[in-house]
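# Structure assessment
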Amino acid sequence: MTDVIIKGPNCKLKGIYHQNKNPQSPIVLLLYPESKTDEVPEVIRSIVSILMENDFSVFLFNFKRIDNIITDQNQKKEQELFEVISILNWINEKNTEGKILWLFAFFSACWSGLQVVMRRPEITDYILFSPPAKVKDFSFIVPCSSVGLITYETNLPNSVEDIIEKLSNKSDSHVETMPIDDSNFEKNENTAELFAGIDNYIKKRLIEDNGKIKKIKRDRRRRKKKKNNMEDEKNIHINPIKSLDFD
């Protein structure tokens, strides 16, 4: 993976990017909270390894900014949202042939991540890791076509049930849950079940997503073939000579 710097709404943004060799590979934007160091948390490194093994192009972003300091919290929330959108635009430009786009969000970054999911219909799937429902307001949730998964530690007071209920009650929303017992994602404690579950879920969803894309392409081909047949019949009636072979 390599460091990349892209132009954000107010300043330059720094991320880490891995481009899969296949131009049609699935893509994922992975958001995690800003930290004092540039070191990627161990749990996230393990998730990235799983994604790369499943042939994803991966962009990691922890809201690292260059030459910009935000002090107002409301302004920070708004800027974070537009920063993620800027990165999504960059990803789309780099992967013009990619059809599957995922978004992963960890901990406090789940707020911005889910905000973007509600706004960008090209995001096919998303996973929230231990969203902090007790300290973040998730009342903004609206129906969306993306398929979601929420995974969390049952032994920690994160109160994700409210988010799950809001998402599940939206008619167009599809959300699953993956509770993990006796684990701590941030400290990377007892996370073997988490990694195995995420790997299985990714494989399952990729099969489903690829099936939808192929079905759409088949339908388009059928419509195109039908349209061409109609045009051929029309041309025969108008000018029968076009149907003859003079070779």
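Look up a bit, the structure's there.
Residue numbers restart at each chain and count upward from 1, following the sequence in its written direction. Only residues with pLDDT of at least 70 are given local features in this predicted model, and only at 80 or more are side-chain atom pairs given and counted; all residues enter the totals for whole chains, interfaces and linings. Heavy atoms from the whole structure form the basis of all side-chain values; hydrogens and water molecules are not counted.

Turning our attention to the pattern of salt bridges. When the charged atoms of two side chains lie near each other, side chains of opposite charge can form a pair. In the sections that follow, a salt bridge refers to a side-chain nitrogen of Lys or Arg positioned within 4 Å of a carboxyl oxygen of Asp or Glu. Inspection of every chain in the model, using the stated rule, returns 10 salt bridges. Between E122 and R120 there is a salt bridge whose closest N-O contact spans 2.8 Å. With a 1.4 Å probe rolled over the protein chains alone, any residue whose accessible area is under 20% of its type maximum counts as buried; one over 50% counts as exposed, and the rest are partly exposed. You can call E122 partly exposed: its relative accessible area is 27%. Residue R120 is classed as buried on the basis of its relative accessible area, which comes to 14%.

Once that is clear, we can look at the nonpolar core. We define the nonpolar core as a collection of buried residues of types Ala, Val, Leu, Ile, Met, Phe, Trp, Tyr and Cys that are connected through side-chain atoms lying within 4.5 Å of one another. Ranked by size, the top nonpolar core spans 43 residues in total, and within it L29, F59, L103 and L114 carry the most contacts. Where helices and strands are cited, they refer to DSSP runs of H or I of at least four residues and of E of at least two residues respectively, numbered from the N terminus. For this core, the element with the most residues is helix α2 (residues 73-94), which contributes seven residues. In this description, contact between two residues means that some pair of their heavy atoms is separated by no more than 4.5 Å. In this view, L103 contacts V28, L29, L31, G113, V116, V117, I123, D125, Y126 and I127; residues no more than four positions away in its chain are not counted. In terms of nonpolar packing, the next biggest core, distinct from the first, is built from 32 residues, I16, F104, V147 and I180 among them.

Burial of strand β4 (residues 57-66) is extensive: eight of the 10 residues sit out of reach of the surface. By definition, two strands form a pair when at least two bridges between them are found by DSSP. Across six bridges, strand β2 (residues 12-18) lies against β4 in antiparallel orientation. Note that in β4 the partner of H18 across the bridge is V58. Taken together, the five bridges between strand β3 (residues 27-31) and β4 define a ladder with parallel strand orientation. Each bridged residue has a counterpart across the sheet, and for L30 the counterpart in β4 is L60.

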